[in-house]
Amino acid sequence: MSVSIEKNLLEVLIELDSAVKTMPSANPKPNLLPLFSRIDELTRQLPRDTDPALLHYLHKKSYEKARLYLQGYDAENQAGNCRHV
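Residues numbered from 1 in each chain as written. Predicted model: local features only at pLDDT ≥ 70, side-chain atom pairs only at ≥ 80, totals over all residues. Heavy atoms only, no water.

**Description of helix H3 (residues 52-59)**
Turning to step 1, where the next piece is worked out: Across the eight residues that make up H3, a large majority, six, are buried.
Turning to step 2, where the next piece is worked out: Between a side-chain oxygen at the N-terminus of H3 and the backbone nitrogen of Ala53 the separation is 2.7 Å; the capping residue is Asp51.
Turning to step 3, where the next piece is worked out: Two residues or fewer after H3 comes Lys61, characterised by a positive phi angle close to 60°. (Buried < 20%, exposed > 50% of the residue type's maximum accessible area, 1.4 Å probe, protein only. Helix = DSSP H or I, 4+ residues; strand = E, 2+ residues; numbered from the N terminus. Polar contact = N/O pair within 3.5 Å; in protein donor to acceptor, adjacent residues only side chain to side chain.)

Written out as structure tokens, the structure reads:
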């Protein structure tokens, strides 16, 4: 079940990434609030045994890191100020 939640989460994170990239030239600006709400909703649905790194990224609103993690590129994530490894 978590695989489909993670798949949906990745889809929303990719949509958010695309929307953010259009911000400089978009008129009107995209409304990101529904995307943030959907990410929060999906995060709450993740099972208890979800990888702590993914949960950390989502709870800290590090959505780019969460997207990279779900795409299999977690090694590209830089250590943040929180010292999370």
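**Side note on the packing of H3 against helix H4 (residues 63-70)**
Turning to step 1, where the next piece is worked out: At their nearest, the axes of H3 and H4 sit 7 Å apart, and the two run at 150° to each other. Comparing their axes, H4 and H3 come out roughly antiparallel. H4 is crossed by H3, and the crossing has left-handed handedness. On H4, the residues that touch Ala53, Leu54, Tyr57 and Leu58 of H3 are Tyr63, Lys65, Ala66, Tyr69 and Leu70.
Turning to step 2, where the next piece is worked out: Looking at side-chain class alone, the contact of H3 with H4 contains eight nonpolar, no polar and one charged residues. (Axes fitted to C-alpha atoms, helices over the stretch in contact; angles between N-to-C directions. Parallel < 35°, antiparallel > 145°, perpendicular 65-115°, else oblique. Left-handed = near helix turned anticlockwise from the far one by under 90°. Contact = heavy atoms within 4.5 Å. Nonpolar A, V, L, I, M, F, W, Y, C, P; charged D, E, K, R; others polar.)

All we've got here are geometric facts, nothing functional implied.
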